[in-house]
Amino acid sequence: MSRPVNKFCCLLFILTSLSVVIKLSHGKVYCKLKEIEEQKDLKKFVKSRRNILVLFAKDDAEYKKAAGLFICEALEAMRVNVDAAYVNCEGIKGKRLCRQTKVDPTHYILQFYMDGQLKNANYDRQHSVKSLVYFLKNPTEEAPWSEDPTSHYVNHLESIEDLTGSLRKPSLLIMFYAPWCGHCKRLKPQYAAAAKDTAELPIVLAAMDVNGDEYYNVRTQLNITAFPTLIYFKKGLPVFNYEGEYTRDAIVEWAKDPKPFEKKEPKPDENADWSKSESASKIVFLTDETFDSYISTHNSVYVMLYAPWCGHCKKMKPDYEDAAMELAETQPDATLAAVDATVNRATAEKLKVSGFPTMKYFVNGSLSNVSVSYRTKNDIVAFMKGLKVPDPSDDKPKDEDSDWDSEDSSVVHLTDQAFSGTLKKRKFSLVMFYAPWCGHCKRMKPEFAAAAKLVKSQPKVLLGAVDCTQFTDLCAKYEVTGYPTVKLYKYGKEPTEYTGGRSASDIVDYLAKLMGAEGSTPTSRVEL
């Protein structure tokens with residue numbers, strides 16, 4: 001849908017203002033890096049910091065060349081998050097150190113260390129400020145999409161200034177994405193290929209990474225709440241979101257005549273009639289006409305409401321079939337039933353189905369008042385054999401990574417009772433609300449833990465975590481609707497949502513800026 005013109009004009013004003021600030025503050029930065037000549041000093045240096053960049057230069061001239069071209073400016077942009085040193089391989093002692101480390105630069109070589117371990121033996125990305133800063137902020141991520149030669153036809157927007165400039169184009173599709181987003185990674189090659197195929201059309205296909213804290217206004221004004229989000233702009237205004245298939249052919253076909261998408265009900269796959277599958281013979285398939293009568297005449301019925309096109313349902317079906325087979329042999333009074341909710345809509349509406357699969361349990365003809373979500377064979381069989389309503393705290397997906405609180409970490413794991421008392425003792429608390437089964441949470445955990453380790457010596461700062469599958473009331477109180485959700489608290493109050501980057505360096509940089517804005521001075525440059 002179209003956004004109000006006056007609202008978007010405000011966005012343009014905000015973006016233009018920020019781009020001016022960026023332009024005025026931009027300039028060449030020169031620096032003097034710490035010189036290291038002994039192997040023992042190099043080992044000590046890389047172990048005393050989390051992120052270390054070491055420049056091995058053929059001689060002083062090459063060192064000054066690299067430093068002036070891009071290294072110093074990149075380090076200045078990173079501020080306190082990265083420390084750097086250089087080795088002169090033509091120096092009296094430096095020559096020996098280069099031999100010991102088996103480095104023989106023709107000009108210069110960059111190496112990156114994290115937590116004392118060599119992570120990048122030979123920096124092989126573009127030697128530019130932008131590329132190095134991106135790498136230092138996201139050392140575990142792939143190179144920026146703009147450096148991928150296959151994406152040459154995509155108009156990469158790499159700043160707020162680029163975004164404002166692109167809005168002058170009469171017809172524009174922008175893919176807003178985040179580097180860590182799995183769906184974005186799968187879409188990128190399709191989108192790049194579509195950009196090549198549409199190069200001669202009036203429409204321009206662009207892309208922008210808006211994951212960073214500096215793009216908060218962009219995400220807010222354009223209502224970007226998930227990645228990827230594709231928005232079609234016409235004459236500088238957002239008209240509607242692209243909601244077609246994420247394939248090269250679909251995007252190209254749409255780009256020939258850009259039009260809004262009609263909302264359509266997903267159609268069941270005619271070739272996926274589960275009820276006719278031999279492997280599902282022990283499952284009772286119910287309809288609108290048979291549902292009430294069957295439930296009323298059976299004592300224990302576990303019901304799966306599904307959609308034939310639902311990926312999660314397809315993944316669950318083999319477990320459900322095996323569980324039904326075992327129960328038919330060992331617990332005949334316990335029944336597993338299934339309802340195609342796309343066909344039997346009256347039943348789906350009565351049971352308030354809003355997603356798939358939805359699980360319901362009926363005891364003695366009545367719906368149990370406790371929500372259940374068992375999806376694996378073992379869990380379903382164990383529950384049905386027990387013939388009892390489960391404890392809500394046990395009613396959660398099982399995961400091998402569910403015991404984050406038992407790991408050795410500087411993250412403070414919070415409970416209902418300890419939450420307020422712990423947070424009110426710290427000026428700033430950054431709390432990650434998560435679920436053990438959440439894929440995005442799993443990816444963020446090591447970065448969040450690394451950031452907690454870096455700030456652990458700061459008495460006014462705390463990084464905490466709340467398992468929302470255990471402390472549901474606490475998460476509901478703070479309106480947590482997705483995972484992970486990260487909120488900032490000031491003395492346990494005034495919660496605001498953190499929307500910055502998810503790497504350790506992003507989090508530490510955010511806290512450093514916050515402390516600086518509040519007039520606080522970190523006790524250690526290394527720790528914060």
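Residues numbered from 1 in each chain as written. Predicted model: local features only at pLDDT ≥ 70, side-chain atom pairs only at ≥ 80, totals over all residues. Heavy atoms only, no water.

### So, the nonpolar core
Residues L173, I174, M175, F176 and Y191 are the most contacted members of the largest nonpolar core, which totals 42 residues. Among the secondary structure elements, those contributing two or more residues to this core are α6 (160-166), β7 (171-177), α7 (182-197), β8 (204-209), β9 (229-234) and α9 (248-256). If we skip the residues at most four places from it in the chain, L173 touches Y191, I203, V204, L205, A206, L230, I231, Y232, Y242 and W254. Core analysis: the next-biggest nonpolar cluster, separate from the first, contains 30 residues, A435, A450, V508 and L511 among them. (Core = buried A, V, L, I, M, F, W, Y, C linked by side-chain atoms within 4.5 Å. Buried < 20%, exposed > 50% of the residue type's maximum accessible area, 1.4 Å probe, protein only. Helix = DSSP H or I, 4+ residues; strand = E, 2+ residues; numbered from the N terminus. Contact = heavy atoms within 4.5 Å.)

### Considering the packing of aromatic side chains
Scanning all chains against the criterion turns up 26 aromatic pairs. With centroids separated by 6.5 Å and ring planes inclined at 15°, the aromatic side chains of Y242 and Y246 adopt a geometry described as stacked. Classification of Y242 as buried rests on a relative accessible area of 4%. Residue Y246 is classed as partly exposed on the basis of its relative accessible area of 34%. Here the aromatic rings of Y242 and F261 are separated by 5.0 Å at their centres, their planes lie at 90°, and the arrangement is edge-to-face. Of this pair, Y242 sits in the loop between β10 (237-241) and α9 while F261 sits in the loop between α9 and β11 (284-285); the two residues are 19 residues apart in sequence, bridging distant segments of the chain. Joined through ring pairs, the aromatic side chains of W274, F285, Y302, Y306, Y320, Y361, Y374 and F383 make up one cluster. (Phe/Tyr/Trp six-rings, centres within 6.5 Å; stacked < 30°, edge-to-face > 60°.)

### Quick word on the sheet that holds β7
Pairing between sheet strands relies on hydrogen bonds along the backbone, with the strands arranged either parallel or antiparallel. An order of β6-β8-β7-β9-β10 is seen for the 5 strands of this open sheet, with the pairing classed as mixed. A strand with exactly one partner marks an edge of an open sheet, and here the two such strands are β6 (155-157) and β10. Taken over all neighbouring pairs, the strand axes of this sheet differ in orientation by 30° on average, direction set aside. (Pairing = 2+ DSSP bridges. Axes fitted to C-alpha atoms, helices over the stretch in contact; angles between N-to-C directions.)

### Looking at a negative patch on the surface
On the surface, a cluster of negative charge is made up of E35, E37, D41 and D60. The topology assignment puts D41 in helix α2 (residues 39-47). (Patch = residues over 30% accessible without salt bridge, like charges linked within 9 Å, V, L, I, M, F, W, Y side chains within 5 Å. Areas by Shrake-Rupley, 256 points an atom, 1.4 Å probe, with all protein chains shown as cover. Salt bridge = Lys/Arg side-chain N within 4 Å of Asp/Glu carboxyl O. Lys, Arg positive; Asp, Glu negative; His and termini not counted. Charge placed at Lys NZ, Arg CZ, Asp CG, Glu CD.)

### Side note on the state of the cysteines
Under the defined criterion, the tally for this structure stands at 3 disulfides. Disulfide partner of C181: C184, at an S-S distance of 2.5 Å. Taking the torsion about the S-S bond as the criterion, the C181 to C184 disulfide, at about 85°, is right-handed. C184 carries the same exposure label as C181, and that label is buried. Paired by a disulfide, C468 and C475 hold their sulfur atoms 2.0 Å apart. The sign of the S-S torsion, about -90°, decides the handedness of the disulfide formed by C468 and C475: left-handed. By relative accessible area, which is 5% here, C468 ends up buried. Given the relative accessible area of 4%, C475 is considered buried. (Disulfide = S-S within 2.5 Å.)

### Some points on the pairing of strand β2 (residues 51-57)
Most of β2 is tucked away, with 7 of its 7 residues classed as buried. The two faces of β2 match: N51, L53, L55 and A57 on one face and I52, V54 and F56 on the other face are all buried. The sheet contact formed by β2 and strand β4 (residues 108-114) spans 7 bridges and is antiparallel. The residue of β4 that forms the bridge with I52 is Y113.

### A look at the packing of helix α11 (residues 311-330) against helix α13 (residues 377-386)
As a packed pair, α11 and α13 sit with axes 8 Å apart at the nearest point and diverge in direction by 35°. The chirality of how α11 crosses α13 is right-handed. Contacts between α11 and α13 involve M316, D319, Y320, D322, A323, E326, L327 and T330 from the first element and K377, I380, V381, M384 and K385 from the second. (Left-handed = near helix turned anticlockwise from the far one by under 90°.)

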